[in-house]
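One letter stands for each residue in the lines below.
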Amino acid sequence: MFLVTGATGGIGRRVVRLLRQREQSVRAFVRLNSRYSELEHRGAEIFIGDLLEEKDIQKASQGVQYIISAHGSDSDALSLDYRANIELIDQAKANGVEHFVFISVLGADRGYEDAPVFKAKRAVERYLQASGLNYTILRPSGLTSNLLPLVERFRETGLYLLIGDRKNRTSIVSTDDLAKIVVDSVTVEGARNQILPVGGPEILLREDIPRIFGRIFTKEPVIINSPLFVIDGLQSALGLFNPQIQKALGTYRTLLTNEFFCTKDEIANLEGIFNFQLETLENFLRRYLAV
Ligand SMILES: NC(=O)c1ccc[n+]([C@@H]2O[C@H](COP(=O)([O-])OP(=O)(O)OC[C@H]3O[C@@H](n4cnc5c(N)ncnc54)[C@H](OP(=O)(O)O)[C@@H]3O)[C@@H](O)[C@H]2O)c1
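Computed from a predicted structure; not experimentally measured.

Draft legend 1. Region of the structure containing the environment of Ile89. Mapped onto the elements, Ile89 comes out in helix 4 (residues 77-94). Overall, Ile89 belongs to the buried group, with 23 C-beta atoms counted inside 10 Å. Beyond its immediate stretch of four places on either side in the chain, Ile89 contacts Phe100, Tyr127, Leu128, Ser131 and Leu133.

Structure (structure tokens):
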């Protein structure tokens, strides 16, 4: 039995689908208000709970062989990115779990001071490494599925909003490829007790993204390039009312200011370990848009 947290999210939903396609038993940890009927329909066992509640994590972990932590945190990194994962790891030990897969983030080890999600991920990575459990820590760069709403908007308007440096490099990974890597991590020998950066097969400049959109729809993109101080202004203004959102914007700013890409060697290593070729952003978008 696999326990998957974040089972209704971009990564988690695809992980549950793939596990069910492979006829594995899955317990999907979902919130009551989440959209989980598809997962139920596919034969996942639905566990309704809240990762803010320790007792829910304890109950959900009973009798599982594998844990895949794929939940996000909105703006509460301390409770969800940190505490909930520490509790999941403790429960994995208590229940003799065979393998724990943790979705971290590319750059978790760079010491970004103003990015609570990155700090929480690094602390959890360390805790998991010291836990004595078998683990795989995956550090993805951006996900292609995040771009689906943007490409739909582009289809209608031809507009693309780009905040910050348009020359920053990124290696966005197909969310479907990532789901496959997550699921295979529990069986592939080369993934055991590894920290793996996960990116797509090409290093893109951020301005390449609207160009790819333009190619798909044969439409010249209109790029609205907003400077970073817009975020800084927003961060200061929101901080007056809600310090938690202000901190969350710190993570967002870190994502916008820095480069998140994998080297060619890292990608070759990943393809070697998991024995398949990663798909490009354009390929992913064309599949989903059926164009
Ligand atoms: N997206 C990216 O580009 C990216 C890049 C690198 C790493 N990551 C990491 O990958 C992981 C998954 O990302 P994602 O983009 O797939 O996430 P996502 O689409 O934002 O989904 C987040 C998931 O977490 C669940 N969740 C949030 N709070 C919860 C709570 N209190 N109790 C139970 N479930 C809760 C959500 O449930 P609901 O459906 O109820 O909201 C949802 O299923 C995250 O840890 C993220 O940091 C993401």
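From this point, things continue past the structure.
Draft legend 2. How the structure looks around the site of the ligand. Around the ligand sit 23 residues in total, of which Gly9, Gly10, Ser34, Leu51 and Gly72 are the nearest. A per-element tally of the shell around the ligand places helix 1 (residues 10-21) first, with three residues. A class-by-class count of the residues in the shell around the ligand yields 11 nonpolar, 10 polar and two charged.

Draft legend 3. Just the sheet that holds strand 3 (residues 45-48), in detail. Taken in spatial order, the seven strands make up an open sheet running 3-2-1-4-5-6-9, and their pairing is parallel. This sheet does not close on itself; its edge strands, each paired only once, are strand 3 and strand 9 (194-198). Direction aside, neighbouring strands of the sheet carry axes that sit 15 degrees apart on average. The strands touched by helix 1 within the sheet are strand 1 (2-5), strand 2 (26-30), strand 4 (66-69) and strand 5 (99-103), with strand 1 carrying the most contacts at an inclination of about 160 degrees.

Draft legend 4. Representation of helix 1 within the structure. If you check helix 1, its first and last C-alpha atoms are 17 Å apart, about what 12 residues at 1.5 Å a residue would give, namely 16 Å. Within helix 1, burial applies to Ile11, Gly12, Arg13, Arg14, Val15, Val16 and Leu19. Looking one or two places after helix 1, you find Glu23, whose phi comes out positive at around 60 degrees.

Draft legend 5. Here's a closer look at the nonpolar core. Among the nonpolar cores identified, the biggest contains 76 residues, and Val4, Val15, Ala28 and Val182 are the most heavily contacted of them. Broken down by element, the residue count for this core peaks at seven residues, all from helix 4. Once residues within four sequence positions are removed from consideration, Val4 is found in contact with Gly12, Val15, Val16, Val26, Ala28, Phe29, Ile68 and Ala70.

Draft legend 6. Structural view of the environment of Gln65. The topology assignment puts Gln65 in the loop between helix 3 (54-60) and strand 4. We classify Gln65 as partly exposed; it has 15 C-beta atoms within 10 Å. As a C-alpha pair, Gln65 and Ser226 span 161 residues in sequence and 47 Å in three-dimensional space.

Draft legend 7. Here's a closer look at the environment of Val186. Mapped onto the fold, Val186 is located in the loop between helix 7 (175-184) and strand 9. For Val186 and Val173, which are 13 residues apart along the polypeptide, the C-alpha to C-alpha distance reads 20 Å. Discounting chain neighbours no more than four positions away, the residues touching Val186 are Tyr66, His99 and Val101.

Draft legend 8. Expanded view of unusual backbone geometry. Phi at Asp74 takes a positive value of approximately 50 degrees, unusual for a residue other than glycine. C-beta crowding within 10 Å serves as the criterion here: with 10 such atoms nearby, Asp74 is assigned to the exposed category. Positioned with a positive phi, Thr218 is a non-glycine residue whose angle comes to about 40 degrees. Position of Thr218 among the secondary structure elements: in the loop between helix 8 (208-217) and strand 11 (222-226).

The rules behind these values
Residues numbered from 1 in each chain as written. Predicted model: local features only at pLDDT ≥ 70, side-chain atom pairs only at ≥ 80, totals over all residues. Helix = DSSP H or I, 4+ residues; strand = E, 2+ residues; numbered from the N terminus. Buried ≥ 20, exposed ≤ 12 C-beta atoms within 10 Å, placed from the backbone. Contact = placed C-beta atoms within 7 Å. Near = placed C-beta within 6 Å. Nonpolar A, V, L, I, M, F, W, Y, C, P; charged D, E, K, R; others polar. Pairing = 2+ DSSP bridges. Axes fitted to C-alpha atoms, helices over the stretch in contact; angles between N-to-C directions. Expected span 1.5 Å × (residues − 1). Core = buried A, V, L, I, M, F, W, Y, C linked by C-beta atoms within 7 Å.

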